[in-house]
Amino acid sequence: MECMNFFIKPLDSRNYASWCSDIKFLLLERVCWDIVTQKEAATVLKEREIDEMKLKEFNLRFNRAYTTVYMNVSPQYRTFIEEITNVAEAWKKLKSNFQLDTRARVMALKHEFFSTAIEPDETIGLYASKLSHIIQQLREAGHPVANFDQCFQLLRYLPTEYENIVQTAYRWEDKDFKFPKVLEILVQEARLRQRTADKVTAKSDPERTHISRSPKSSSKKYKFKSGHSKKPSRKKVLQDSVPNRHTSSELRTNYLLE
């Protein structure tokens, strides 16, 4: 199976939370996460017979999971798990050594959760992702956030244009007032507003394909035998603009003769 290449900063004493999330998604991509969480084990058929093909495939993913975890730990900390061959046990050992479950950390996470607000140009999806990350950390620390508080924080700092959606969600029954469902209607509303804004922008923009044409010149054009038009020369224009002196002198001569 081909796997995508990922760059993950090796585990050290300061990045366990982010490292844990990154490794989790990498193991999911490699179809190994359920082995780490012990949701999947080698397939055993009736009378303890084992399908050799399935066992071989399971062992391949089992080893891949352990290798993925081990190689993404900083060299100085690999001693914690180098004597362990079970990836689930290695995962728990790293958690016990790097995750700080102190009361101070829990209080800091709770403060961060209830202080997180949506930024001016931030999408609903990104805002919900930040909250979900903190919720996950509190859950792993043994202090899960109540569903009511999750929805409360998700709706708390939304712009005023979402007020109708917020009030609608507040009237839901408890079985429907869940973080995923509230997030779903908010994302739908955000898409609708974006689509409406795009239409308004398209109508208000001038036609980019319009090309203004300058008025036709009123100057005279003279055609020649070649068929090409040519503007009159400056000398010709001056002659046309000055009264015909010859004609004027003839008039005066005729007047005297009379």
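Quantities reported herein were computed from a predicted structural model and do not represent experimental measurements.

Caption draft 1: Structural view of the overall build of the protein chain. When helices and strands are tallied, the protein chain shows eleven helices and two strands. For the protein chain, the proportion of its 258 residues judged to be buried stands at 26%. Put simply, 58% of the contacts in the protein chain that link residues at least 6 apart link residues at least 24 apart. For the protein chain, the computed accessible surface area is about 19,700 Å², with 54% contributed by carbon and sulfur atoms.

Caption draft 2: Looking closely at the nonpolar core. One finds Leu154, Leu155, Leu158, Val182 and Leu186 to be the most contacted residues of the largest nonpolar core, which totals 26 residues. The greatest single-element share of this core, amounting to seven residues, is contributed by helix α6 (residues 124-140). Non-local contacts of Leu158, meaning those with residues more than four positions away in its chain, are made with Ile118, Ile124, Val166 and Leu186. Counting residues in each nonpolar core, the second largest holds 25 residues, with Ile23, Ile35, Val69 and Trp91 among its members.

Caption draft 3: Looking closely at the packing of α6 against helix α9 (residues 179-204). Between α6 and α9, the least distance of the axes is 10 Å, while the angle of their chain directions is 160°. Accordingly, the angle class assigned to the pair α6 and α9 is roughly antiparallel. The crossing of α6 and α9 is right-handed. Where α6 abuts α9, its residues Ile124, Ala128, Ser132 and Ile135 lie against Phe179, Leu183, Leu186, Val187 and Ala190. Looking at the contact of α6 with α9, its residues break down into eight nonpolar, one polar and no charged.

Caption draft 4: Seen up close, the pattern of salt bridges. Inspection of every chain in the model, using the stated rule, returns eight salt bridges. The closest approach of N and O atoms between Arg61 and Glu40, which form a salt bridge, is 2.4 Å. Of this pair, Arg61 sits in helix α3 (residues 52-71) while Glu40 sits in the loop between α2 (33-36) and α3; the two residues are 21 residues apart in sequence, bridging distant segments of the chain. For Arg61, a relative accessible area of 7% corresponds to the buried category. Between Glu122 and Lys130 there is a salt bridge, with the nearest N and O atoms lying 3.3 Å from each other. In this structure Glu122 comes out as buried when scored by relative accessible area, which is 18%. In this structure, a network of salt bridges that share partners links the residues Glu173, Lys175, Asp176 and Lys181.

Caption draft 5: The arrangement of a nonpolar patch on the surface in detail. A surface patch of nonpolar side chains, about 320 Å² in accessible area, is lined by Phe148, Phe152 and Tyr170. Assignment of secondary structure puts Phe148 in helix α7 (residues 147-156). Note on Phe148: relative accessible area 57%, which makes it exposed.

Caption draft 6: Geometry of the packing of aromatic side chains. Here the structure, examined in full by the defined rule, presents ten aromatic pairs. Summarising the aromatic geometry, the rings of Trp19 and Trp91 are spaced 5.7 Å apart at their centres and angled 25° between planes, so their arrangement reads as stacked. Of this pair, Trp19 sits in helix α1 (residues 16-29) while Trp91 is found in helix α4 (residues 87-98), placing the two residues 72 residues apart along the sequence. The exposure class assigned to Trp91 is buried, which follows from its relative accessible area of 11%. Ring centres of Trp33 and Trp91 lie 5.4 Å apart, and the angle between their planes is 80°; this geometry places the pair in the edge-to-face category. Here Trp91 lies in helix α4 and Trp33 lies in helix α2, a separation of 58 residues in the sequence. For Trp33, a relative accessible area of 15% translates into the label buried. Taken together, Tyr16, Trp19, Trp33 and Trp91 form an aromatic cluster joined through their ring pairs. Cation over ring: Lys181 sits above Trp172, and NZ or CZ is 5.4 Å from the ring centre. Its end group placed over the ring of Tyr162, Arg193 keeps NZ or CZ at 5.4 Å from the ring centre.

The rules behind each value
- Residues numbered from 1 in each chain as written.
- Predicted model: local features only at pLDDT ≥ 70, side-chain atom pairs only at ≥ 80, totals over all residues.
- Heavy atoms only, no water.
- Helix = DSSP H or I, 4+ residues; strand = E, 2+ residues; numbered from the N terminus.
- Buried < 20%, exposed > 50% of the residue type's maximum accessible area, 1.4 Å probe, protein only.
- Contact = heavy atoms within 4.5 Å.
- Areas by Shrake-Rupley, 256 points an atom, 1.4 Å probe, with all protein chains shown as cover.
- Core = buried A, V, L, I, M, F, W, Y, C linked by side-chain atoms within 4.5 Å.
- Axes fitted to C-alpha atoms, helices over the stretch in contact; angles between N-to-C directions.
- Parallel < 35°, antiparallel > 145°, perpendicular 65-115°, else oblique.
- Left-handed = near helix turned anticlockwise from the far one by under 90°.
- Nonpolar A, V, L, I, M, F, W, Y, C, P; charged D, E, K, R; others polar.
- Salt bridge = Lys/Arg side-chain N within 4 Å of Asp/Glu carboxyl O.
- Patch = residues over 30% accessible without salt bridge, like charges linked within 9 Å, V, L, I, M, F, W, Y side chains within 5 Å.
- Phe/Tyr/Trp six-rings, centres within 6.5 Å; stacked < 30°, edge-to-face > 60°.
- Lys NZ or Arg CZ within 6 Å of the ring centre and 35° of its normal.

Honestly, it's all geometry; don't read function into it.
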